[in-house]
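# Descriptive analysis of the structure
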Amino acid sequence: MSFQDPHSIRGKGGNRKKIVADGLSDFFVDIHSRHRLDQITFLCIGTDRSTGDALGPLTGSELVTYGFPNVIGTLSSPCDASCLIESIAKIPGDQIVVAIDACLGQPLSVGSFLVSDEPLFPAQSVGHALPAVGHYSIAAVVNAAGPRPYSTLQMTSLYHVMTMARHIASAAADVFGLAEKTKI
C-alpha cells in the first residue's frame, strides 16, 4: 500500500499525474520509448492476504501470463512489506524498475491511477517506513482513505481491484507487443 493522497505526494518534481485506465497506455508508451523490455523489472507490491492490497500480486500474475520476463510480486510469490527490501536487493542495478502498488486516496480519486517517473513510497498509508522504490511508478487508488486503513483494505471490492490490475497489465502488454501472444 503506497502513498495515500495525490495532494500529499512527495517527490523530486511532483510530476505525478492522476489518470484513468485509458491513460495507462500513454504511460507505458513513454517507458517503452526509452527502454527495451528486457531492461525493465515490474515490482508489484502487495499481499494476497488483503483484498485491497492484492492489486500488486494480481497485476504481477497477469504480467507473467502475458509473458513479461522480469516480474517480482505475484499471487504465488507476493512482494509485501516483509520481503520488499530483500526483493529490491535482488534486482540487477542496470534494470529499470516500474513499481506498482495499491493506495488509498480521496473519494473522487477511487478507480484512478497515479503515475510518475519517480518512485513510490510503499506502505506509507498504513504507517510503515519502507524505502522509496521505482524509476517509474503506478499507484492504483483502490479505495478512499479513512481513519482505519487496514479495515478499509479488507473491505475493498475484490472485483474492483482485479479490474484495475487487469487494466494495468493489459495496457502494458498492448504497448510492449505481448497482448497478441496470449490470444488464441
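Thresholds applied
- Residues numbered from 1 in each chain as written.
- Predicted model: local features only at pLDDT ≥ 70, side-chain atom pairs only at ≥ 80, totals over all residues.
- Heavy atoms only, no water.
- Phe/Tyr/Trp six-rings, centres within 6.5 Å; stacked < 30°, edge-to-face > 60°.
- Helix = DSSP H or I, 4+ residues; strand = E, 2+ residues; numbered from the N terminus.
- Buried < 20%, exposed > 50% of the residue type's maximum accessible area, 1.4 Å probe, protein only.
- Axes fitted to C-alpha atoms, helices over the stretch in contact; angles between N-to-C directions.
- Parallel < 35°, antiparallel > 145°, perpendicular 65-115°, else oblique.
- Left-handed = near helix turned anticlockwise from the far one by under 90°.
- Contact = heavy atoms within 4.5 Å.
- Nonpolar A, V, L, I, M, F, W, Y, C, P; charged D, E, K, R; others polar.
- Core = buried A, V, L, I, M, F, W, Y, C linked by side-chain atoms within 4.5 Å.
- Pairing = 2+ DSSP bridges.
- Expected span 1.5 Å × (residues − 1).
- Lys, Arg positive; Asp, Glu negative; His and termini not counted.
- Salt bridge = Lys/Arg side-chain N within 4 Å of Asp/Glu carboxyl O.
- Polar contact = N/O pair within 3.5 Å; in protein donor to acceptor, adjacent residues only side chain to side chain.

## With respect to the packing of aromatic side chains
Scanning the entire structure with this criterion turns up five aromatic pairs. Look at Phe 27 and Tyr 136: their rings are 6.4 Å apart centre to centre, the planes differ by 80°, and that puts the pair in the edge-to-face class. You can see Phe 27 sitting in helix α1 (residues 24–34) and its partner Tyr 136 sitting in strand β6 (residues 136–144), a full 109 residues away along the chain. In terms of burial, Phe 27 and Tyr 136 fall into one category: buried. Here Phe 68 and Phe 176 contribute two aromatic rings whose centre-to-centre distance is 6.0 Å and whose plane-to-plane angle is 80°, an arrangement assigned as edge-to-face. Residue Phe 68 is located in the loop between α2 (55–66) and β3 (71–72), and its partner Phe 176 is located in the loop between α5 (158–175) and α6 (179–182); the two are separated by 108 residues in the primary sequence. Here Phe 68 and Phe 176 have matching classes, each one buried. An aromatic cluster is present here, built from Phe 27, Phe 28, Phe 42, Phe 68, Tyr 136 and Phe 176 joined pairwise through their rings.

## Digging into the packing of α2 against α5
Two numbers describe how α2 lies on α5: the axes approach to 8 Å, and their chain directions differ by 40°. The orientation of α2 relative to α5 falls into the category oblique. For the crossing formed where α2 meets α5, the hand is right-handed. Listed contacts from α5 to Leu 55, Leu 58, Thr 59, Glu 62, Leu 63 and Tyr 66 of α2 are Leu 158, Val 161, Met 162, Met 164, Ala 165, Arg 166, Ile 168, Ala 169, Ser 170, Ala 172 and Ala 173. Split into classes, the residues belonging to the contact of α2 with α5 amount to 13 nonpolar, two polar and two charged.

## Concerning the packing of α1 against α5
Two elements in contact, α1 and α5, have axes separated by 9 Å at closest approach and are oriented at 45°. Considering their axes alone, α1 and α5 lie oblique with respect to each other. As for the relative orientation of α1 and α5, their crossing is right-handed in sense. Counted together, Leu 24, Ser 25, Phe 28, Val 29 and His 32 of α1 and His 167, Ile 168, Ala 171, Ala 172 and Val 175 of α5 form the full contact between these two elements. In terms of residue class, the contact of α1 with α5 is built from seven nonpolar, three polar and no charged.

## Notes on the nonpolar core
Grouped together as the largest cluster of nonpolar side chains are 40 residues, with contacts concentrated most on Phe 28, Phe 42, Leu 55 and Phe 68. Elements with a minimum of two residues in this core: α1, β2 (40–44), α2, β4 (96–105), β5 (113–116), β6 and α5. If you tally residues by element for this core, the top one is α5, at nine residues. Beyond its immediate chain neighbours, meaning those up to four positions away, Phe 28 contacts Phe 42, Ile 138, Ile 168, Ala 171, Ala 172, Val 175 and Phe 176. Formed by eleven residues, the second largest nonpolar core is a distinct cluster that contains Ile 45, Cys 79, Leu 84 and Ile 91.

## Notes on the pairing of β6
Burial runs high along β6: seven of the nine residues are buried. Pairing analysis gives eight bridges linking β4 to β6, with the strands arranged parallel. Residue pairing in the sheet places Ala 99 in a bridge with Ser 137 of β6. Here β5 pairs with β6 via four bridges, running antiparallel. Its bridge partner lying in β6, Val 115 is registered against Ile 138.

## A look at α2
Between its first and last C-alpha atoms α2 spans 17 Å; for twelve residues at 1.5 Å apiece the expected length is 16 Å, and the two agree. Burial analysis of α2 places nine of its twelve residues in the buried class, which makes it a mostly covered element. Turning to α2, its buried residues number three or more, namely Leu 55, Gly 56, Pro 57, Leu 58, Thr 59, Gly 60, Ser 61, Leu 63 and Tyr 66.

## As for the side chain of Arg 16
Among the secondary structure elements, Arg 16 is positioned in the segment before β1 (17–19). In this structure Arg 16 is buried but unpaired, with Glu 118 as the nearest side chain of opposite charge at 4.2 Å. Only 2.9 Å separates the side chain of Arg 16 from the side chain of Ser 137, close enough to count as a polar contact.

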